[in-house]
Amino acid sequence: MTVAEEDAQQRSRSWVRGAETAALMGLLVMAAALLGIYSRPMGQLASLWPANALLLGLLVRFPARNTPAAWLGALAGYLAADLLTGSTLATALLLTGGNLLGIATGQWLLSRLPIEDRRLQGPFSVPRLLLVTTAASAMAGLVGFLIGPSLLGLSPLLGWVFCFVSELANYLAFLPAVLTLPEAQPHRGPERRRRLPPWPALGHAVLPALALLLSCLLAMAVAGPGAVAFPVPALLWCALSYGVFGTALLTLGFGAWALICIAQGLLPVESAGVSPLTTLMSIRLGVSLIAIAPITVACVMAARQRLLKRLQHMASHDQLSGLLNRHAFQERAQELLLQLAATRQPVALLMLDIDHFKRINDAHGHAVGDRVLVAFARLGGEALREVDLFGRVGGEEFAILLPGCEATAALAVAERVRQAFHAATLDDGRGGVITASVSVGVVALPRAQAALEPLLLRADEALYRAKRAGRNRVEPESPRPGGGTAATSDDTQPRWRKAS
């Protein structure tokens with residue numbers, strides 16, 4: 001195929017992708033706009049308008065979709081929705097221009113925030129989102145200067161205020177749910193699918209959402225100006241119980257419920273001496289601010305959980321190799337052995353020690369020695385299963401616990417690790433390469449025992465024999481009469497016993 005033909009094919013694929021993006025955005029925006037139009041009370045703007053928040057969220061959440069084709073598709077979607085529902089072309093162009101102006105402002109501002117704030121993952125993400133949506137709503141509200149007198153019977157300034165409040169309410173209701181859409185997960189086989197929690201845990205998980213539903217029903221039954229705040233405690237409970245995305249969805253449901261009920265008169269909030277329009281704007285703004293609280297709590301809780309998880313990882317993992325440290329390996333291996341012993345399953349333990357590691361440090365420096373340790377951790381991990389435990393239990397000594405693994409399979413794993421490490425070429429930091437090797441001691445039990453320490457000592461004895469036999473080898477357990485033989489070299493002395 002010639003270069004010209006390849007360029008033509010690439011241009012063709014680019015046009016196809018652009019057309020697909022335009023069609024997708026156009027259909028989504030048109031459907032969302034039609035939903036908003038049909039929620040519109042007589043003589044007012046839509047009480048529920050998800051189209052702008054949906055488009056802005058998708059452009060920010062999926063930046064690869066932020067193309068001219070996407071904007072053209074969105075423009076067509078807005079115009080089609082307005083024209084299909086009886087608007088004149090001039091009115092449709094005016095309203096669409098205001099929508100796109102606000103979205104462009106929001107997209108420009110959000111794209112300059114850190115990615116954790118664009119995903120609502122930081123403790124200050126919601127206040128920053130509030131600033132962005134306020135600016136976007138203010139720009140979209142400019143159309144109120146023109147449509148206020150003609151469509152709403154308001155002064156230009158009051159028309160802007162009304163459009164601004166409506167935009168802000170809808171942004172804060174819909175945008176968090178779009179920005180926090182979870183990543184697509186790979187397909188799980190039947191054996192890897194997540195199981196439902198037991199009934200008590202499932203009940204605790206459902207209770208906050210049920211409380212939110214009941215509080216909304218109670219608000220409709222009682223009515224009055226304060227009824228819209230009835231769901232606030234339940235929303236905060238949801239924020240403490242669910243993640244950011246789950247809280248955003250429930251908050252979206254609350255916001256949509258409140259805006260529709262108020263607009264349709266299902267939740268009367270009129271106050272004596274206050275005009276209906278002022279009351280409506282006040283309630284819409286109040287709903288927006290209520291929506292901020294639970295999402296802020298959820299963001300703070302998510303940031304706290306990530307920090308705790310990071311601290312727990314640092315406490316249980318070796319910071320150089322990323323493997324379990326000695327304490328964590330012992331703790332988890334002991335728990336796993338108890339489970340294996342209870343079910344009478346086989347188990348194997350490997351003790352591994354990098355050969356002549358002191359010489360590597362002396363000859364090439366500790367930085368090269370650290371790279372050797374990191375390379376061994378990576379190569380060893382690639383040869384293991386997810387269920388295996390891999391830990392760094394000494395300076396250059398490692399341990400691997402293989403649950404459900406018999407002697408033959410354990411020796412094969414050990415040999416695979418040894419060969420992969422010995423075949424690797426490692427950078428010495430001076431333009432050259434070095435090779436290293438590892439000695440492995442293996443002990444396997446047809447039925448696991450509950451105690452870890454005797455198993456460690458037996459594997460350590462096998463490792464000691466591998467060192468004595470010439471290193472760079474795998475040595476299975478083989479009892480020696482009369483006990484162990486004293487070592488005369490630091491490289492052949494069992495490090496587990498020395499550390500213990």
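Here, the structure is the one placed above.
Residues numbered from 1 in each chain as written. Predicted model: local features only at pLDDT ≥ 70, side-chain atom pairs only at ≥ 80, totals over all residues. Heavy atoms only, no water.

Caption draft 1: Quick look at empty space enclosed by the protein. Overall, the coordinates contain three cavities of 30 Å³ or more when judged by the stated rule. By volume, the second largest cavity amounts to about 60 Å³. Taken together, Val126, Leu129, Leu130, Leu172, Pro176, Ala291, Ile292 and Ile295 form the lining of the second largest cavity. Those elements that provide at least two residues to the lining of the second largest cavity are helix H6 (125-140), helix H8 (156-179) and helix H12 (276-316). (1 Å grid on protein atoms, 1.4 Å probe; cavity = no way out; pocket = protein on both sides within 12 Å on 5 of 7 lines; lining within 4 Å. Points joined across faces, edges and corners; volume = space filled by probe spheres on them. Helix = DSSP H or I, 4+ residues; strand = E, 2+ residues; numbered from the N terminus.)

Caption draft 2: Representation of the side chain of Asp117. Of note, Asp117 is situated in helix H5 (residues 115-118). We classify Asp117 as buried; its relative accessible area is 2%. Of the polar contacts made by the side chain of Asp117, one reaches the side chain of Ser125; its length is 2.7 Å. (Buried < 20%, exposed > 50% of the residue type's maximum accessible area, 1.4 Å probe, protein only. Polar contact = N/O pair within 3.5 Å; in protein donor to acceptor, adjacent residues only side chain to side chain.)

Caption draft 3: Main features of the nonpolar core. Counting residues in hydrophobic clusters, the biggest one holds 54 residues, and the most contacted among them are Leu55, Leu56, Tyr78, Ile103, Leu110, Tyr171 and Leu175. Looking at this core, the elements that each hand over two or more residues are helix H1 (3-38), helix H2 (51-61), helix H3 (68-84), helix H4 (89-110), H6, H8, helix H11 (244-263) and H12. The leading source of residues in this core is H8, at 13 residues. Ignoring any residue separated from it by four or fewer positions in sequence, one finds Tyr78 in contact with Val29, Trp49, Ala51, Asn52, Leu55, Thr96, Asn99, Leu100 and Ile103. By size, the runner-up hydrophobic cluster in this structure holds 34 residues, among which are Val372, Cys405, Ala424 and Leu426. (Core = buried A, V, L, I, M, F, W, Y, C linked by side-chain atoms within 4.5 Å. Contact = heavy atoms within 4.5 Å.)

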